[in-house]
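These are the residues of each chain, in order.
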Amino acid sequence: MIKERDYLWDNIKAFLITTVVVGHVLPALNLTSIVSASVTYFIFSFHMPAFVFVSGYFAKNYCKNGVVRGEKVAVLAGYYIVFQLLFFLLYQVINPISFTLFNPFRGLWYLLAMVIYYLMVPVFEKLPWYITIPIFFVLGFLIGIEQYANTFFAISRTFVFAPFFFMGYYTNGNLIEKLRSVKLHNLWGLLIILVSIGIMTFMNNSNYPYPVTLNVLWGKTNYQGMRLSFPGGMFLRAEAYILATLIIIGLIMLFPKRKTIFSYIGKNSLQIYVLHMPIIILMKSSTIFDFAKAESELHAVILIFVGIALTLLLSINIFSYPFKWIQIGVNKLYSLNKSKK
């Protein structure tokens, strides 16, 4: 019997991957208008924490009784290695750089982080959620103190976003249903998101002394690299954690569980996530979008629609084939290696 897809998550992922693409298109093209800055800030306040949360939620399907399905980890590692090499080759054409396997190019850190999270699960799933999740929140705060916690092995981002992976992992369907059983849950979800936006607006007011900057939301460097004191950096990270958690709750309550015309986008979110990055690299190196570098609100709106169109284009099933081929190849290698033991 084929298990029916949970379209709630497809719908949420469709929204999230659209924000990822739009959030990368705007800053990549150096647009500095108010619309661009505001939309980019809003997107980065939640999109990766929410994606990591969703990944943790579905990780339960591959981690049972203290054992992780090795094929899943191998495929994620295969995606990372193949696309890290392809990104390197692309950069050789545009702007030659040295190859590195341990400093992920652009958004590929997510794939590497997923490998690390899956390997962590057997160690921590034996603990109750009220111990594991606080441990990772503490580690998320403390990683900012570590002098060498930067892009190497995506170590900073891996630990900064780890609490959301384990929050998702420990979240079960019953909790989701409780959130969605609240009367007028869609309106409550929208209200939570709007309140979060209001809090962000207040925190970025010139009179507020502790604004959460994009550097804090990115989570890719330590507090020293962000020119923050240890207590100050931890406080700002706590603010970012609270905002992201509120918006994740709002999204779960807001989006419908039924199949929509956008559900297939969420189903194909991985291919969109990986493939939109080389396209944006090419867009940035081209002169086609030079018009958008002006501080124009109209240009910002145009680029938002460009990001949406790119998301729709990359959701087409034909773009899933490279991932299927990699998966087939990795599974064959994994099975061959397993049979030799």
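For the structure itself, consult the block above.
A brief look at the structure comes next.

How each quantity is defined
Residues numbered from 1 in each chain as written. Predicted model: local features only at pLDDT ≥ 70, side-chain atom pairs only at ≥ 80, totals over all residues. Heavy atoms only, no water. Helix = DSSP H or I, 4+ residues; strand = E, 2+ residues; numbered from the N terminus. Rg over C-alpha atoms; globule rule 2.2 N^0.38 Å. Buried < 20%, exposed > 50% of the residue type's maximum accessible area, 1.4 Å probe, protein only. Contact = heavy atoms within 4.5 Å. Areas by Shrake-Rupley, 256 points an atom, 1.4 Å probe, with all protein chains shown as cover. Lys, Arg positive; Asp, Glu negative; His and termini not counted. Charge placed at Lys NZ, Arg CZ, Asp CG, Glu CD. Core = buried A, V, L, I, M, F, W, Y, C linked by side-chain atoms within 4.5 Å. Axes fitted to C-alpha atoms, helices over the stretch in contact; angles between N-to-C directions. Parallel < 35°, antiparallel > 145°, perpendicular 65-115°, else oblique. Left-handed = near helix turned anticlockwise from the far one by under 90°. Expected span 1.5 Å × (residues − 1). Arc of directions from axis to C-beta. Patch = residues over 30% accessible without salt bridge, like charges linked within 9 Å, V, L, I, M, F, W, Y side chains within 5 Å. Salt bridge = Lys/Arg side-chain N within 4 Å of Asp/Glu carboxyl O. Phe/Tyr/Trp six-rings, centres within 6.5 Å; stacked < 30°, edge-to-face > 60°.

## Quick word on the overall build of the chain
Along its length, the chain carries 15 helices and two strands. Over its C-alpha trace the chain gives a radius of gyration of 20 Å, about what one expects of a compact globule, namely 20 Å for 341 residues. Put simply, the chain has 341 residues, and 48% of those count as buried. A separation threshold of at least 6 residues defines the contact pool for the chain, and within that pool the share at least 24 residues apart is 82%. With an accessible surface of roughly 17,200 Å², the chain has 68% of that area assigned to carbon and sulfur atoms. Charged side chains of the chain number 27 positive and 11 negative; the gap between the two group centres comes to 9 Å.

## A short note on the nonpolar core
Ranked by internal contacts, the top residues of the largest apolar core, which has 102 residues, are Trp9, Leu108, Tyr110, Tyr117, Phe164 and Tyr273. The biggest single contributor to this core is helix H5 (residues 109-124), with 13 residues.

## Side note on the packing of helix H9 (residues 185-203) against helix H11 (residues 230-254)
As a packed pair, H9 and H11 sit with axes 7 Å apart at the nearest point and diverge in direction by 155°. Taken together, the axis directions place H9 and H11 in an arrangement best described as roughly antiparallel. The two elements H9 and H11 meet at a crossing, and its hand is left-handed. Two secondary-structure elements touch here, H9 through His185, Asn186, Trp188, Gly189, Leu190, Ile192, Ile193, Ser196, Ile199, Met200 and Met203 and H11 through Glu239, Leu243, Leu246, Ile247, Ile249, Gly250, Leu251, Met253 and Leu254.

## Overview of H9
Compared with the 27 Å implied by 1.5 Å per residue over 19 residues, the 27 Å span of H9 between its first and last C-alpha is a close match. Restricting attention to buried positions, one finds in H9 the residues His185, Gly189, Ile193, Ser196, Met200 and Met203. Projected onto a plane normal to the axis of H9, the buried residues spread over an arc of 85° and lie on a single side. Of the exposed residues in H9, those oriented more than 90 degrees away from the buried face are Leu187, Thr201 and Phe202.

## Some remarks on the environment of glycine 144
Within the secondary structure, glycine 144 sits in the loop between helix H6 (129-142) and helix H7 (155-170). Put simply, glycine 144 and glycine 70 are 74 residues apart on the chain and 31 Å apart in space, counted from C-alpha to C-alpha. The residues contacting glycine 144, other than those within four sequence positions of it, are Asn222, Tyr223, Gln224 and Arg237.

## Some words on a nonpolar patch on the surface
A contiguous nonpolar surface patch, about 850 Å² in accessible area, is contributed by Val182, Leu184, Leu187, Trp188, Leu190, Leu191, Leu194, Val195, Ile197 and Ile199. Within the fold, valine 195 resides in helix H9.

## Describing the side chain of arginine 237
Position of arginine 237 relative to the elements: it lies in helix H11. Buried charged residue arginine 237 carries no salt bridge. Nearest counter-charge: glutamate 239, at 11 Å. When neighbours within four sequence positions are excluded, arginine 237 is seen to be in contact with Gly140, Phe141, Ile143, Gly144, Val160, Val216, Gly219, Thr221, Tyr223 and Met226.

## A short note on the packing of aromatic side chains
Applying the stated rule across the entire model yields 35 aromatic pairs. Between tryptophan 129 and tyrosine 130, the aromatic rings sit 5.9 Å apart at their centres with planes inclined by 85°, giving edge-to-face as the arrangement. By the burial criterion, tryptophan 129 is exposed, and tyrosine 130 matches it. Between phenylalanine 141 and tyrosine 241, the ring centres sit 5.5 Å apart and the planes meet at 65°, which makes this aromatic pair edge-to-face. Taken together, the residues phenylalanine 141 in helix H6 and tyrosine 241 in helix H11 connect sequence positions 100 residues apart. Residue tyrosine 241 is classed as buried on the basis of its relative accessible area of 6%.

## Topic: the pattern of salt bridges
For the structure shown, the criterion picks out one salt bridge. Of the charged contacts in the structure, one is a salt bridge between lysine 257 and glutamate 177, with a shortest N-O distance of 2.9 Å. Remark: glutamate 177 occurs in helix H8 (residues 173-180) and lysine 257 occurs in the loop between H11 and helix H12 (263-267); sequence separation between them is 80 residues. The exposure class assigned to lysine 257 is partly exposed, which follows from its relative accessible area of 36%. Owing to a relative accessible area of 38%, glutamate 177 belongs among the partly exposed residues under this scheme.

## As for helix H2 (residues 34-44)
Because the α-helix completes a turn every 3.6 residues, residues three or four places apart line up on one side. Residues Ser36, Thr40, Tyr41, Ile43 and Phe44 constitute the buried set of H2. Buried residues of H2 fall within an arc of 165° about the axis and therefore sit on the same side. Of the surrounding secondary structure, the elements contacted by the buried residues of H2 are helix H1 (7-28), helix H3 (47-59), H9, helix H10 (214-218) and helix H14 (297-314).

## Let's talk about the environment of glycine 232
In this fold, glycine 232 is placed in helix H11. Note: C-alpha distance between glycine 232 and isoleucine 326 (94 residues apart in sequence) is 43 Å.

## With respect to unusual backbone geometry
Both trends apply: most residues other than glycine have a negative phi, and most peptide bonds are in trans. If you check the backbone angles, arginine 106 has positive phi at about 45° while not being a glycine. One can find arginine 106 in the loop between helix H4 (70-94) and H5. Its identity as a non-glycine residue notwithstanding, phenylalanine 153 has a phi of 60°, on the positive side. Assignment of secondary structure puts phenylalanine 153 in the loop between H6 and H7.

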